[in-house]
Amino acid sequence: MRTILRRFSPSPSALIGVALIVAWGLVALLAPLIAPYDPSAIDFAAAADPHPSLAHWLGTDSSGRDILSRLIWGARTTFTVVPLAVVSAFAAGILLGVPAGYFGGWFDALVSRLSDVILAFPALIIYIILITALGPSLLNIIIAVTLAYAPGVSRIARGITLALREQDYVAAAQARGESSLYIMFAEILPNARGPLIVDLCLRAGYTVILTGTLGFLGLGLPPPTPDWGGMVVESAHLLPIAWHMAVFPCVAIASLVIGCNLLADGLRKEGLT
Amino acid sequence: MDAGMIRFLLRRIGQFIITFLAASFLLFAVTEFSPGTVASKILGPYAVSSQVDLLTEKLHLGDPLLVRYLRWLGIVAGVVENPLGDPTIGLGLSDPRGNRYVGNFGYSLMLKEPVVDVVGERIGYTVLLTLLAILVIIPVSLAAGVAAGVNPGRPVDRILSMGAVILTSLPEFVVAVALLLVGVVWLGILPGTSPMTQGGRWPLSLQLVLPVGVLVIASASYVLRIVRASVADTMRKPYVRTALLKGLKRRDIILHHVLRNAMIPPITVILLQINWLLTGVVVVESIFAYPGVGSLLLQAALFGDIYLVQALTLLALIVAVGTQLIGDLCYLALDPKIKLG
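For every chain, the first residue of the written sequence is number 1, and numbering continues from 1 onward in sequence order. For naming, the first written chain is A and the first written ligand is 1, with later ones following in the order written. Restriction of local features to residues with pLDDT of at least 70 applies here, the model being predicted, together with a cutoff of 80 or more for giving and counting side-chain atom pairs; totals for whole chains, interfaces and linings are based on all residues. Side-chain measures were taken over the full set of non-hydrogen atoms in the model, leaving aside hydrogen atoms and water.

Observations concerning the overall build of chain A
Applicable threshold: Strands here mean DSSP runs of E at least two residues long; helices mean DSSP runs of H or I at least four residues long; both are numbered from the N terminus. Burial here depends on accessible area, computed with a 1.4 Å probe over protein chains only, as a share of the maximum for the residue type. Under 20% is buried, over 50% is exposed, and the range in between is partly exposed. Only heavy atoms enter the contact rule, under which two residues are in contact if any of them lie within 4.5 Å. To be clear on the numbers: accessible area is Shrake-Rupley with a 1.4 Å probe, and residue cover counts the displayed protein chains and nothing else. The charge count includes Lys and Arg as positive and Asp and Glu as negative, but it does not include His or the ends of the chains. Charge positions come from single atoms, namely NZ of Lys, CZ of Arg, CG of Asp or CD of Glu.
Across its full length, chain A carries 13 helices and 0 strands. Sorting the 273 residues of chain A into buried and exposed places 53% on the buried side. At a minimum sequence separation of 6, the contacts of chain A that also span at least 24 residues come to 73%. Carbon and sulfur atoms make up 70% of the accessible area of chain A, which amounts to about 11900 Å² in all. Seen as two clouds, the 15 positive and the 16 negative side-chain charges of chain A have centres 9 Å apart.

Set out below in structure tokens:
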């Protein structure tokens with residue numbers, strides 16, 4: 001971790017990115033300690049004047065639920081869904097892409113053609129069809145993200161493996177008689193991590209956008225789970241009278257995605273390999 | 001056109017058809033995997049078991065998935081009759097074109113009308129929205145991308161690049177909320193919804209501003225980044241340095257040497273961007289109550305209108321896979337260095 005930090009320390013954009021991600025991560029981790037109210041507590045007295053005040057720093061929504069508390073617990077929702085979904089997609093993509101690049105042949109052809117087929121679908125349409133067919137739950141969102149992202153990840157992993165397969169250290173390991181499994185995951189994968197880490201940051205950002213969009217379209221985790229996208233759609237029609245209800249969750253989503261993209265940008269410029 | 005090019009073209013078109021067929025099978029499998037859900041989606045939750053049995057028999061829902069898929073293809077291609085229009089089923093569905101015609105996607109269960117009519121009424125609106133967005137995205141992102149790319153590291157590049165990173169990070173609905181806040185709530189010069197009805201307070205042109213604006217902001221920044229990278233990369237090429245050292249005017253070098261060579265990668269990206277626009281179209285149309293096929297797809301999926309979902313997704317697939325094919329061909333036509341193999 002320290003070496004990674006030292007590597008991109010000169011890039012201010014990467015530092016801002018890390019700061020944003022870590023800040024939201026801490027908020028998610030400490031949600032029960034720092035949230036001033038129960039995120040689902042309805043308070044119609046407070047809803048009479050929902051605007052930001054000393055009691056409710058970011059105001060309340062139309063049922064009097066404290067927006068700051070809902071944002072804090074919403075961070076916990078995001079930091080549950082997104083890492084699980086992205087890690088699962090990367091595990092699947094790497095497990096398919098590295099052997100495809102290493103062995104080639106029919107397995108490679110099969111994985112590549114299947115990837116082409118899935119990548120032909122616009123991503124949001126995959127989510128809409130799967131989530132409406134399976135129902136909105138944490139597991140189904142993870143399944144949908146894995147299905148949609150694994151082909152892209154496997155394509156990158158395959159490409160790097162194809163290039164690294166010809167390296168001397170791979171030939172050396174083969175000459176030592178190491179197993180293919182060892183060569184793929186102990187020799188090739190660690191050397192392929194640079195582009196994969198950059199891609200991971202980008203996809204984590206997309207997944208934040210995606211979970212927000214699903215929530216916005218009414219396909220997010222069912223209520224009363226506090227969900228940033230859901231908070232926006234519940235209050236977008238109230239923009240003319242109470243702008244704060246929709247704007248704060250928008251700022252939360254935007255800042256986290258910007259963090260992911262700045263980090264990816266910084267890592268790419270530093271050429272982490 | 002030589003033989004190699006024709007062979008390459010035929011192979012790409014063959015791949016296009018195979019990808020499309022495989023994707024359509026996947027789509028069919030997801031939407032119609034279990035025969036029980038097909039019957040209950042068509043009949044609704046209060047169906048009597050005798051109705052379900054009759055429908056299962058009429059539609060041959062007991063057949064294996066592959067057989068049902070091939071029959072579905074046959075119906076779409078106008079070779080097989082669609083049994084759903086049979087009056088004895090008692091669903092009251094009928095199609096003036098009959099039960100057998102090319103492009104027969106069956107009936108929308110939500111609107112009780114043939115899918116072709118439902119899609120036909122709305123597709124024009126989506127084409128209009130997408131075309132307008134592309135017409136703005138291309139000049140804006142090219143101009144800004146070139147401005148940033150020919151001045152790498154200068155303030156204009158830093159500001160544009162930073163702005164592009166931030167804008168690509170924003171989900172469509174966040175951009176929409178921001179534009180609604182400015183255009184509708186603060187300035188009051190634009191309508192908050194775009195149902196495209198005439199004769200109301202807002203002319204059609206003003207109704208289009210916000211939907212197009214959201215699509216442009218969400219997509220242009222990405223194209224800008226690609227153009228910038230490609231131009232900055234070309235600026236470092238030895239022939240550009242040679243031209244500079246030879247004393248040619250910077251303006252002429254950029255216009256004659258850099259732009260021509262730097263435009264090849266962005267053209268493919270712009271075409272692939274259409275795939276992204278389709279995603280944006282679903283969100284944007286839903287936000288602004290715009291009467292296109294994107295919001296229709298979401299409504300159909302939420303309703304469980306399987307036939308409408310199938311038709312609209314196939315439409316999106318044709319556009320997505322088709323633009324990839326066109327992108328490949330453009331690449332081929334523009335860059336003589338690409339080998340055909």
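We are not done yet, so read on.
Section: the packing of helix α5 (residues 115-149) of chain B against helix α11 (residues 264-287) of chain B
Packed helices, taken two at a time, are described by their axes: the angle between them and the distance between them. All names here are of chain B. Defined as follows: Helix axes use the C-alpha atoms of the stretch in contact, all axes being lines fitted to C-alpha atoms, and the angles between their N-to-C directions lie in the range 0 to 180 degrees. If an angle is under 35 degrees, it is roughly parallel; if it is over 145, roughly antiparallel; if it lies from 65 to 115, roughly perpendicular; otherwise it is oblique. By convention the crossing between two helices is left-handed if the near helix lies anticlockwise of the far one by an angle smaller than a right angle, and right-handed if it lies clockwise. Gly counts as polar in this scheme, as do all residues outside two lists: the nonpolar Ala, Val, Leu, Ile, Met, Phe, Trp, Tyr, Cys and Pro, and the charged Asp, Glu, Lys and Arg.
Axis separation between α5 and α11 bottoms out at 10 Å; the angle between their running directions is 125 degrees. Judged on the interaxial angle alone, α11 and α5 are oblique. The handedness of the crossing between α5 and α11 is right-handed. Of α11, the residues touching α5 (which contributes Thr126, Leu129, Thr130, Ile134, Ile137 and Ile138) are Ile270, Ile274, Leu277, Val281 and Glu285. In terms of residue class, the contact of α5 with α11 is made up of 8 nonpolar, 2 polar and 1 charged.

Regarding the packing of helix α7 (residues 123-134) of chain A against helix α8 (residues 138-164) of chain A
Residues and elements named next belong to chain A. For the pair α7 and α8, interaxial distance at closest approach is 10 Å and the crossing angle is 150 degrees. By the angle between their axes, α7 is roughly antiparallel relative to α8. Remark: the crossing between α7 and α8 carries right-handed chirality. Together, Ile126, Tyr127, Leu130, Ile131 and Leu134 of α7 and Asn140, Ile141, Ala144, Val145, Leu147, Ala148 and Tyr149 of α8 make up the contact between the two elements. Split by residue class, the contact of α7 with α8 holds 11 nonpolar, 1 polar and no charged.

Focus on the domain arrangement of chain B
All names here are of chain B. Keep this limit in mind: These domain limits were set by an automatic method or by a database of domain assignments. Any Lys or Arg side-chain nitrogen located within 4 Å of an Asp or Glu carboxyl oxygen qualifies as a salt bridge.
According to the domain assignment, chain B contains domain 1 (3-114) and domain 2 (117-334). Between domain 1 and domain 2, the C-alpha centre-to-centre distance is 33 Å. Contact residues are listed per partner, giving 28 residues for domain 1 and 25 residues for domain 2. Inspection of the domain 1/domain 2 interface yields 1 salt bridge.

Overview of the interface of chain A and chain B
Residue-level contacts link 37 residues of chain A with 39 residues of chain B. Linking chain A with chain B are 1 salt bridge, by the criterion used here. The salt bridge involving Arg225 of chain B is made with Asp265 of chain A; its shortest N-O contact spans 2.9 Å. Those elements giving two or more residues to the side of chain A that touches chain B turn out to be α6 (105-119), α7, α11 (193-216), α12 (228-235) and α13 (244-270) of chain A. Each residue belonging to the side of chain A that touches chain B can be placed in one class, and the counts come to 29 nonpolar, 5 polar and 3 charged.

Let's talk about the packing of aromatic side chains
What counts is decided by this rule: To pair, rings of Phe, Tyr and Trp, with the six-membered ring standing in for Trp, must have centres within 6.5 Å; the planes then decide the type, stacked if under 30 degrees apart, edge-to-face if over 60, and tilted in the middle. By definition here, charges over rings are those cases where NZ of Lys or CZ of Arg is within 6 Å of the ring centre and within 35 degrees of the ring normal.
Under the defined criterion, the tally for this structure stands at 10 aromatic pairs over all chains. Taking 5.2 Å as the distance between ring centres and 80 degrees as the angle between the ring planes, the aromatic pair formed by Tyr102 of chain A and Phe103 of chain A counts as edge-to-face. Aromatic side chains Phe216 of chain A and Phe173 of chain B sit 4.7 Å apart centroid to centroid with 15 degrees between the ring planes, which places their arrangement in the stacked category. One end of the pair, Phe216 of chain A, is in helix α11; the other, Phe173 of chain B, is in helix α7 (residues 172-186), on a second chain. The exposure classification of Phe216 of chain A matches that of Phe173 of chain B, with both residues buried. We note Arg203 of chain A situated over the ring of Tyr149 of chain A; from NZ or CZ to the ring centre the distance is 5.2 Å. A cation over a ring is seen here: Arg97 of chain B above Tyr101 of chain B, with NZ or CZ 5.1 Å from the ring centre.

Things to note about a nonpolar patch on the surface
All names here are of chain A. Note the threshold: Patch membership requires over 30% relative accessible area and the absence of a salt bridge. Like charges are linked within 9 Å, and nonpolar side chains (Val, Leu, Ile, Met, Phe, Trp, Tyr) within 5 Å.
On the surface, Val22, Leu26, Leu29, Leu30, Leu33 and Ile34 cluster together into a nonpolar patch covering about 570 Å² of accessible area. Looking at the nonpolar patch, the elements with two or more residues in it are α2 (12-29) and α3 (31-34). With 3 residues, α2 is the single largest residue contributor to the nonpolar patch. Relative to the helices and strands, Leu30 resides in the loop between α2 and α3. Of the residues examined, Leu30 reaches a relative accessible area of 33% and is grouped as partly exposed.

With respect to the side chain of Thr313 of chain B
Applied cut-off: Each polar contact in these results corresponds to two N or O atoms within 3.5 Å; when the atoms are within protein, one needs to be able to donate a hydrogen and the other to accept it, and residues that are neighboring in sequence are counted only if both atoms are side-chain atoms.
Summarising the element assignment, Thr313 of chain B is placed in helix α13 (residues 306-334). A distance of 2.7 Å separates the side chain of Thr313 of chain B from the backbone oxygen of Val309 of chain B, its partner in a polar contact. Apart from residues no more than four positions distant in its own chain, Thr313 of chain B is found in contact with Phe121, Ile125 and Ile129 of chain A together with Leu27 and Leu297 of chain B.

Section: the nonpolar core
Inclusion rule: Take the buried residues of types Ala, Val, Leu, Ile, Met, Phe, Trp, Tyr and Cys, join any two whose side-chain atoms come within 4.5 Å, and each joined set is a nonpolar core.
In this structure, Trp228 of chain A together with Val231 and Tyr307 of chain B are the most contacted members of the largest nonpolar core, which totals 161 residues. Per element, the largest residue contribution to this core is 14 residues, and it comes from helix α5 (residues 67-103) of chain A. Lining this core are residues from two domains, each supplying at least three of them: domain 1 (3-114) and domain 2 (117-334) of chain B. Not counting chain neighbours up to four residues away, the residues in contact with Trp228 of chain A comprise Trp24, Arg70, Leu71, Gly74, Ala75, Thr78, Pro249, Ala252, Ile253 and Leu256 of chain A. Counting 7 residues, the second largest nonpolar core, distinct from the first, contains Ala14, Val198, Leu263 and Leu267 of chain A.

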